[in-house]
Amino acid sequence: MGKYILRRLCYVVVVLFIISIFMFAIFQLMPGDPVLHYMGQGHQDLTPTQWQQLYEDTVRRMGFDRPVHIQYTRWLQGMLTGNFGYSMVHRRPVLDVIRTPIFWSVVLNLASMFLIFIVTVPLGIISAIKRGKTVDNGILTFTLVGFSIPSFTVALIVIVIFAVFLGWFPITGMHSPFLPEGQWAQFVDRLQYMAMPLITLTFVGMAAFTRYVRAAMCDALSEDYIRTARSKGLKEKVVVYSHAFRNALIPLITILTGWFMGMFGGSVVIEQLFGWSGMGLTMLQGIMQMDYAIVRAVSLFYAFVAVIAILLMDLAYGLADPRVKVSK
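Bear in mind that the values here come from a model prediction, so they are computed numbers and not experimental data.

## Examining the confidence of the model for the chain
Residues with a pLDDT of 70 or more make up 88% of the chain, whose mean pLDDT is 77. Confidence, expressed as mean pLDDT per element, reaches its minimum in the chain at helix α2 (residues 34-39) with 66 and its maximum at helix α7 (residues 151-165) with 85.

Shown next, in the form of structure tokens:
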């Protein structure tokens with residue numbers, strides 16, 4: 001197991017290196033001139049010669065006058081030492097800009113993933129056990145409604161219910177303008193602002209994943225070994241959870257991994273609607289403002305999340321089913 005993990009970590013490094021090359025090349029080919037965007041306005045009083053000199057000085061200061069492979073090498077060396085570049089818009093290091101958005105985006109998405117998992121697994125199992133009955137039809141109807149409504153529409157419904165009618169939560173933002181004193185009071189304040197985007201992401205994810213759990217459990221419960229286990233007189237809970245659910249975990253792990261990787265990029269609309277300053281909103285603003293240093297850093301983080309999720313998926317296969325060997 002240890003050798004397998006070490007070998008896969010080496011694969012992760014190679015994959016991230018290849019991805020970094022493609023990402024750097026793509027942003028080099030992007031249309032527009034980031035130097036002009038960095039210079040901004042307010043140079044109308046300069047003569048053409050002075051403006052050209054200012055432009056060339058800015059190019060040299062940003063390192064764009066060097067060959068592409070030198071620029072990439074400097075960028076890669078900086079990343080390996082924790083220097084992700086300098087934000088042209090925010091006028092400060094990229095790491096200082098993205099540190100807080102990454103943290104709060106991870107908190108929001110992991111909390112949503114946890115809630116989805118603890119809710120959808122029991123619902124999917126109950127729906128599979130009660131297949132064709134009233135409970136199953138009710139769960140399927142609920143998931144169909146949730147699956148059919150776009151995420152931004154769900155967000156608007158959540159705002160109307162919990163912010164307008166009930167008045168429980170603030171509509172937008174991440175915390176009160178003046179944070180209360182005390183860690184517990186600040187935690188409660190953050191939780192109030194996070195409640196509605198968390199409810200939205202959880203509801204949107206519940207619909208699809210509940211159907212995945214139900215489908216996987218229906219397939220597992222129809223296998224011959226389940227009938228054999230029941231014929232031996234095993235309790236229904238043992239048959240469902242120890243036999244059927246464990247074998248249903250393999251496709252669920254695959255689906256959960258892909259869904260987890262897409263969750264970070266898919267929360268852009270939710271972050272925009274609720275004013276939640278996460279990675280998606282930061283990356284969108286970076287693209288609109290041509291702040292490619294931030295976009296490259298966030299894109300590399302997405303790639304890192306993806307390859308680590310795939311590594312954890314392979315390890316989870318071995319834990320869910322001992323027949324899956326991870327030592328080769």
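## A short note on a nonpolar patch on the surface
Together, I157, V160, I161, V164, F165, L166, W168 and I171 line one region of the surface with nonpolar side chains, adding up to about 790 Å² of accessible area. Its location among the elements puts W168 in the loop between α7 and α8 (183-221).

## So, the packing of aromatic side chains
According to the stated counting rule, one finds seven aromatic pairs in the structure shown. Seen from their ring centres, W168 and F169 are 6.4 Å apart, and the 85° between their planes marks the pair as edge-to-face. You can call W168 exposed: its relative accessible area is 53%. Judged by centre distance (6.5 Å) and plane angle (85°), the rings of F209 and Y212 are edge-to-face.

## Looking at the nonpolar core
Considering soluble globular proteins, one finds that nonpolar side chains tend to be buried as a cluster. In terms of nonpolar packing, the biggest core is built from 48 residues, with I98, I125, M217 and V298 touching the most fellow members. Elements represented by at least two residues in this core include exactly α1 (2-28), α4 (68-80), α5 (94-129), α8, α9 (224-231), α10 (236-266), α12 (279-288) and α13 (292-320). If you tally residues by element for this core, the top one is α13, at eleven residues. Contacts of M217, omitting those with residues within four sequence positions, involve I125, A128, V240, A244, F245 and A248. Among the nonpolar cores identified, the runner-up in size contains 16 residues, and V154, V158, M174 and W276 belong to it.

## A word on the environment of I126
Assignment of secondary structure puts I126 in helix α5. Through-space distance from the C-alpha of I126 to that of I139 is 9.0 Å; in sequence the pair is 13 residues apart. The residues touching I126, leaving out its near neighbours within four places in the chain, are V135 and I139.

Procedures and definitions
Residues numbered from 1 in each chain as written. Predicted model: local features only at pLDDT ≥ 70, side-chain atom pairs only at ≥ 80, totals over all residues. Heavy atoms only, no water. pLDDT = per-residue confidence, 0-100. Helix = DSSP H or I, 4+ residues; strand = E, 2+ residues; numbered from the N terminus. Patch = residues over 30% accessible without salt bridge, like charges linked within 9 Å, V, L, I, M, F, W, Y side chains within 5 Å. Areas by Shrake-Rupley, 256 points an atom, 1.4 Å probe, with all protein chains shown as cover. Salt bridge = Lys/Arg side-chain N within 4 Å of Asp/Glu carboxyl O. Phe/Tyr/Trp six-rings, centres within 6.5 Å; stacked < 30°, edge-to-face > 60°. Buried < 20%, exposed > 50% of the residue type's maximum accessible area, 1.4 Å probe, protein only. Core = buried A, V, L, I, M, F, W, Y, C linked by side-chain atoms within 4.5 Å. Contact = heavy atoms within 4.5 Å.

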